[in-house]
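Survey of secondary and tertiary structure
Here are the chains, one letter per residue:
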Amino acid sequence: MRLVVVGAAGRMGRILIRTIAETEGCRLVGAIERSGSEALEHDAGLLAGIGLLEVNVTDDPLPVFADADGVLDFTAPAATVAFAALAAQARIVHVVGTTGLQADDFTRLEAAARHARIVQSGNMSVGVNLLAGLVRKAAATLGEEFDIEIAEMHHRMKVDAPSGTALLLGEAAAAGRQISLADRSVRSRDGHTGARQSGDIGFASLRGGTVVGEHTVMFAGPGERIELTHRAEDRTLFARGAVKAALWAFDKKPGYYTMADVLGF
Ligand SMILES: NC(=O)C1=CN([C@@H]2O[C@H](COP(=O)(O)OP(=O)(O)OC[C@H]3O[C@@H](n4cnc5c(N)ncnc54)[C@H](OP(=O)(O)O)[C@@H]3O)[C@@H](O)[C@H]2O)C=CC1
Ligand SMILES: O=C(O)C1=N[C@H](C(=O)O)C[C@H](O)C1
């Protein structure tokens, strides 16, 4: 499968380049960065620390997408929405790992999925997607006397909060309770907040150091507390998930898919 990495010089971009090179049946055919990036014209393989791949980083995605089967996108919301339109035009697979997407962005991705095969997830790891299933089950089983709180910690460079994973886990909890997360999520607390409302789903975000990504979903009930935790130790697990998603989507019809579809959960 001929793959393009957008955001090629980013933390995830470099690991995606490495992961594609290590994966049988995949080949890097393009690497994109924004205009003005210092990475432009550099070899993608050298950028990723794996030696020459003879694929130069460019800021012109259109001709690159036209000669590719799929694009792996861990960039920023505005960029992802623009790349989705181009992927739809080229009728290729678009794997979206970017987080911080807002309702308007999702609407535009869904429109692009009429022509592209989009696989989108706030977390591409097997572990988190399994955890989402466990959270859904726990939320459905325990009922409202158990308060749900989701805590996440990430490295100091992360720009969005709550994390995409925290929101994915929140959606799983809301689905288990058969409620809308948008109606019941509490994303910050400060000052005299009053007592917690039963049925709310709370979020807390910590930022610091080099933490790859940690998430805990707490079910705090009368006299007991259950905590379900995932700790990511290496970004390679997200990159492996993204490449797996691209390979899975290769022969699928245009549409909007998630990692749960890819993993069969
Ligand atoms: N779903 C998942 O499993 C995971 C998701 N993520 C998400 O992926 C995203 C990226 O994370 P990370 O790699 O740490 O961030 P980085 O900031 O290290 O990388 C993002 C890269 O995208 C580039 N970029 C931004 N806009 C454009 C554009 N218009 N065209 C081309 N390149 C562009 C950035 O360039 P510049 O620096 O010049 O802005 C940067 O090189 C985040 O939203 C993060 O939350 C991360 C890990 C796992
Ligand atoms: O920005 C990151 O680093 C990560 N982002 C994703 C998220 O927002 O949940 C996935 C992972 O936790 C790392």
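Residues numbered from 1 in each chain as written. Chains lettered and ligands numbered in written order. Predicted model: local features only at pLDDT ≥ 70, side-chain atom pairs only at ≥ 80, totals over all residues. Heavy atoms only, no water.

- Naming follows an unreviewed UniProt entry, where the protein appears as 4-hydroxy-tetrahydrodipicolinate reductase of Microvirga brassicacearum.
- Looking at the Subunit (unreviewed entry) heading of the UniProt record, one finds this comment for the protein: "Homotetramer." (UniProt positions renumbered as here; feature names shortened; annotations may be inferred.)

1. Details of the nonpolar core
- Membership of the largest hydrophobic core comes to 39 residues, with the highest contact counts inside it found for Leu-16, Ile-20, Leu-72 and Val-95.
- When residues of this core are traced back to their parent elements, those giving at least two are β1 (2-6), α1 (11-22), β2 (27-32), α2 (44-47), β5 (93-96), α9 (236-249) and α10 (259-263).
- Element by element, the count of residues in this core is highest for α9, at 7 residues.
- Apart from the residues lying within four places of it in its own chain, the contact partners of Ile-20 are Leu-3, Val-5, Cys-26, Arg-27, Leu-28, Leu-72 and Val-243.
- Core analysis: the second largest hydrophobic core is formed by 21 residues, Val-128, Leu-131, Ile-150 and Leu-168 among them. (Core = buried A, V, L, I, M, F, W, Y, C linked by side-chain atoms within 4.5 Å. Buried < 20%, exposed > 50% of the residue type's maximum accessible area, 1.4 Å probe, protein only. Helix = DSSP H or I, 4+ residues; strand = E, 2+ residues; numbered from the N terminus. Contact = heavy atoms within 4.5 Å.)

2. Regarding the site of ligand 1
- Surveying the vicinity of ligand 1 reveals 21 residues, the closest of which are Arg-11, Met-12, Glu-33, Arg-34 and Thr-99.
- The separation between a nitrogen atom of ligand 1 and a polar main-chain atom of Gly-97 is 3.0 Å.
- Contact distances for ligand 1 include 2.9 Å between an oxygen atom and a backbone N or O atom of Met-124.
- When ligand 1 sits alone it has 920 Å² of accessible area, and the protein chains cover 77% of it.
- Elements represented by at least two residues in the shell around ligand 1 include exactly α1 and α4 (77-90).
- By residue class, the composition of the shell around ligand 1 is 7 nonpolar, 9 polar and 5 charged. (Near = heavy atom within 4 Å. Polar contact = N/O pair within 3.5 Å; in protein donor to acceptor, adjacent residues only side chain to side chain. Areas by Shrake-Rupley, 256 points an atom, 1.4 Å probe, with all protein chains shown as cover. Nonpolar A, V, L, I, M, F, W, Y, C, P; charged D, E, K, R; others polar.)

3. Quick word on the sheet that holds strand β9 (residues 201-207)
- Spatial ordering of the open sheet is given by β8-β9-β7-β10-β11, a layout of 5 strands whose pairing is mixed. With one partner strand each, in any of the chains shown, β8 (185-186) and β11 (224-232) form the two edges of the open sheet.
- Helix α6 (residues 126-142) contacts β7 (147-154), β10 (213-221) and β11 of the sheet and is inclined by roughly 165° relative to β11. (Pairing = 2+ DSSP bridges. Axes fitted to C-alpha atoms, helices over the stretch in contact; angles between N-to-C directions.)

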